[in-house]
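Residue-level structural notes
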Amino acid sequence: MLIPAFLILAACDDGSVPTGPTRADFSAEIVDLKGKPGPPKGPEGACWQSDIRPAVIETVTEQVLVSPETRDEAGTLLSPARFASEAQQRIVSDRSTVWFRIPCPDVMTPEFIATLQRALKARGLYLLPLTGVMDAPTRTALRGWQQSRGLDSDHLSLAAARELGLVIGNF
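Bear in mind that the values here come from a model prediction, so they are computed numbers and not experimental data. Numbering of residues starts from 1 in each chain and follows the order in which that chain's sequence is written. Predicted model: local features are reported for residues with pLDDT of at least 70 only, side-chain atom pairs are reported and counted for 80 or more only, and whole-chain, interface and lining totals are derived from all residues. Only heavy atoms go into the side-chain values, all of them from the structure, while hydrogens and water stay out.

Structural notes on the pattern of salt bridges
Any two side chains of opposite charge can pair, so long as their charged atoms come close to each other. For this analysis, a salt bridge means a side-chain nitrogen from Lys or Arg found within 4 Å of a carboxyl oxygen belonging to Asp or Glu. Tallied over the entire structure, the rule returns 7 salt bridges. Asp 154 is the salt-bridge partner of Arg 143, the closest N and O atoms lying 3.9 Å from each other. Placement of Arg 143 in helix H3 (residues 136-147) and of Asp 154 in the loop between H3 and helix H4 (158-163) is noted, with a sequence separation of 11 residues between them. Accessible area is worked out with a 1.4 Å probe on protein chains only. A residue is then buried under 20% of its type maximum, exposed over 50%, and partly exposed in between. Of the residues examined, Asp 154 reaches a relative accessible area of 18% and is grouped as buried. Taking the shortest distance from any N to any O, the salt bridge between Glu 163 and Arg 149 comes out at 3.0 Å. Remark: Arg 149 occurs in the loop between H3 and H4 and Glu 163 occurs in helix H4; sequence separation between them is 14 residues. Residue class for Glu 163 comes out partly exposed when judged on its relative accessible area of 27%. The secondary structure listing takes helices from DSSP runs of H or I that are at least 4 residues long and strands from runs of E that are at least 2 residues long, numbered from the N terminus.

This is the structure we're talking about:
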């Protein structure tokens, strides 16, 4: 009697291994208006936040030959080659203002912020008591969590609020 039950249950298994939850990429929600004034056009009633994306500057340092080595006719080294360090910088990306959706201000109550702190605390990022105040430690924890997902900001994005389970939908 156990064999038929096992066969029925085995038939339900498609053989795939379950995977863990995926990590959202918040950078997909960033809107760069390329210097035009914002906020972007969006859904009616949407709330937006701007933030500055700093310029990215790359420095490349290389050794350049100042004078080559010299040798006599027999091949004996008379003076070694001399090198100098030369550094060059280039702008990889310019500073810009970016926009992203946020929960509207009327949602950001002390209870909501305390829930945000609780969610960050559960992830080991916010270690202080819950205050319900969007203070510097809360912003630091929030920036660290969002930064790991492609949004370097201490303002709560709507995408982050959704992933943390604080809001449902796109209000």
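What follows continues from the structure just given.
Thoughts on helix H2 (residues 110-122)
The span one expects for a helix is its residue count, reduced by one, times 1.5 Å. Here H2 spans 18 Å end to end across 13 residues, near enough to the 18 Å set by a 1.5 Å rise per residue. Considered for burial, the residues of H2 that qualify are Phe 112, Ile 113, Ala 114, Leu 116, Gln 117, Ala 119 and Leu 120. A contact between two residues is defined here by any heavy atoms of the two lying within 4.5 Å. Elements in contact with the buried residues of H2: H3. Looking at the residues trailing H2, positive phi occurs at Gly 124, about 80 degrees.

Keep in mind these values describe shape, not function.
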